[in-house]
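The lines below spell out each chain.
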Amino acid sequence: MSDGAPAILVRDLRKSYDGHEAVRGLDFEVAHGEVFGLLGPNGAGKTTTVEILEGFRERTSGIVSVLGFDPGERPRELRERIGIVLQSCGIYRHIRVAEAVRHFAGLYPAPRDPDEVIAIVGLDAKRDALARTLSGGQLRRLDLALALVGDPELVFLDEPTTGFDPAARRSAWETIRRLQELGKTVLLTTHYLDEAQALCDRVAIVKDGRILAEGPPAELGSTAARYRVTWSDEHGEPQSREVDDPTALLHQLTSAALARGKPLSDLSVTRPTLEDVYLDLTAQAGDAAEQGENAAEQAEEVR
Amino acid sequence: MGDMALAWRQYRLERRMFWRNPTAAFFSFVLPLIFLVLFGALLSGDRENLEIIVPGIAGLSVMATTFNALASQMTFLRDQGVLKRMRGTPLPANAYLAGIIGNAATNAFVQIIIVVLAGRLAFDLGWPKDWLVLVVFTLLGVACFASIGVAFSHVIPNFEASAAYTNIVFLPLIFISGVFYDVNDVPAFLHDIANALPLVHVIDGLSAALVTGADFGDLASDLGALAVWTAAGIFFAVRGFSWSGSREE
Ligand SMILES: Nc1ncnc2c1ncn2[C@@H]1O[C@H](COP(=O)(O)OP(=O)(O)OP(=O)(O)O)[C@@H](O)[C@H]1O
Ligand SMILES: [Mg+2]
């Protein structure tokens, strides 16, 4: 915004839980007004990272800055300016929806209108229901309402749509897009690639506490990644090759086919989608250290 | 909004939540009533023993509504992740705790009123001899047992264990502290242990207020002991306060 400093800055962030290193040197920045996604399999370290930025967990080492504050010191002004949806967290069992939203509104210096927020998350019909009677997805919407009612400029969403039905997911996306239109910054984690693709300006794919790739979802899916060329050889065996530039390979294949006087069958040239990249990067077997090396290379390529 | 206003807001929410679960609210008031009814039947007309039992039950009520209630409530809120959620808001920890402890303190005062009324109406003990001593010792008892209750919740691993943890403290303590008999009748070593712990001193003060009419001068050592326990309780309550469940840091 004014000073050009990013909303979130993370440098060589590390976190160990009694010897087990869950986060192993993360670096990323989130600009003001940007929607940034952390994408990765279970146990990748997404929640650990987000909760360090929210001030819930202490980092083992590294530098983090959130809106210019060190979240480890938990300054009150920072808490007034952020909204948090935790991956899992409770609420008073006997509180009513509208009562909860109003109560939380009262904790912030310049809250939004509680009724408006209830409408945004689609809980109008449940405003007088007790929290303990809400369904899982409805509770999740209440989480979102409580995170938004303080009118935060930065919102952390740890798997905000897990447990939502498809319609609720779409409307949550709309809500997040509206936040972006209002100039808010959003850091979200998700397992859903379509969600990352639909919402995020940039995503980082995380596994074993490292970033494997980072960039706008479209670029991760296409320009940044390799081409995959598949065809059938003279014996009808399917072949596939990944190359950075397919020109030479295609020339070779077509001239060989012409020389043989047979058509080149089953030819296709594709660029991997975000899903391919994700599955490719995260599903590789083999030991973590080696993957770390690959990761570094891949990340280089992306940049 | 100022911190006082936030604490007041939280207090009002806690009161509403307390009454919205009426059976739980009911049972939290029933324990001293059961004791009063039982001992009233057992000791009807035995004035000497009633004068020991009634202040004893008053002390027990103060402890049950603060120490027991807060140790289990804080463990529950922590396990449920409510504390964690509150921690993510601008609400300061002390305003939040003030709201929760204020709720427990209100219950303690309601129970003292019940015991006083029972003493006057059912047991013919008359009105308290010294209202000021009554209020001061109830307040000190609340401050002491509430802070120790919050501190103790840090030791309790999870909500399922909270009843066992609080009872292992509560039950022996009420037995050695002369809730049901004259403290001076117990063996010397138990007497010494009880004297080192806070409940005896709360009961001494309540007994002075309700029965003997002893003044603050006679109660100086009780005031001192309670002040020390309260200071220790507050220190450990604040120091160990983590907001989160055991898995998170
Ligand atoms: N409090 C803790 N104590 C010990 N280990 C922990 C703790 N919290 C997380 N871990 C471990 O750290 C690793 C990363 O966990 P984290 O919750 O950050 O993953 P995640 O990416 O959010 O996964 P998911 O997609 O399942 O939510 C996991 O191996 C997990 O077991
Ligand atoms: Mg997680």
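Remember, it's a predicted structure, so these values are computed and weren't measured experimentally.

Basis of the calculations
- Residues numbered from 1 in each chain as written.
- Chains lettered and ligands numbered in written order.
- Predicted model: local features only at pLDDT ≥ 70, side-chain atom pairs only at ≥ 80, totals over all residues.
- Heavy atoms only, no water.
- Donors = N, O, S within 2.8 Å, 3.2 Å for Na, K, Ca; no water.
- Helix = DSSP H or I, 4+ residues; strand = E, 2+ residues; numbered from the N terminus.
- Buried < 20%, exposed > 50% of the residue type's maximum accessible area, 1.4 Å probe, protein only.
- Pairing = 2+ DSSP bridges.
- Axes fitted to C-alpha atoms, helices over the stretch in contact; angles between N-to-C directions.

1. What to know about the coordination of the magnesium ion (ligand 2)
All names here are of chain A.
Consideration 1: Taken together, the protein ligands of the magnesium ion (ligand 2) are Thr47 (OG1) and Gln87 (OE1), with distances of 1.9 to 2.1 Å. With Thr47 in helix α1 (residues 46–54) and Gln87 in the loop between β5 (82–85) and α3 (97–105), the pair connects residues that are 40 residues apart, well separated along the chain.
Consideration 2: In this structure Thr47 comes out as buried when scored by relative accessible area, which is 16%.
Consideration 3: Gln87 sits in the partly exposed class, given a relative accessible area of 34%.

2. A look at the sheet that holds strand β10 (residues 227–232) of chain A
Residue and element names in this part refer to chain A.
Consideration 1: An order of β11-β10-β12 is seen for the three strands of this open sheet, with the pairing classed as antiparallel. Each edge of the sheet is formed by a strand with only one pairing partner; in this case those strands are β11 (238–243) and β12 (268–270). Neighbour-to-neighbour, the strand axes of the sheet open up by a mean angle of 15°, direction not taken into account.
Consideration 2: Judged from the three bridges that link them, β10 and β12 form a sheet pairing that is antiparallel. For Val229, the partnering residue across the bridge sits in β12 and is Val269.

3. Quick look at α1(A)
Residues that lie three or four places apart on an α-helix share one face, since the helix turns once every 3.6 residues.
Residues and elements named next belong to chain A.
Consideration 1: Burial within α1 is extensive, with nine of its nine residues counted as buried.
Consideration 2: Those residues of α1 not exposed but buried are Lys46, Thr47, Thr48, Thr49, Val50, Glu51, Ile52, Leu53 and Glu54.
Consideration 3: Count one or two residues on from α1 and you reach Gly55, which has phi positive near 90°.

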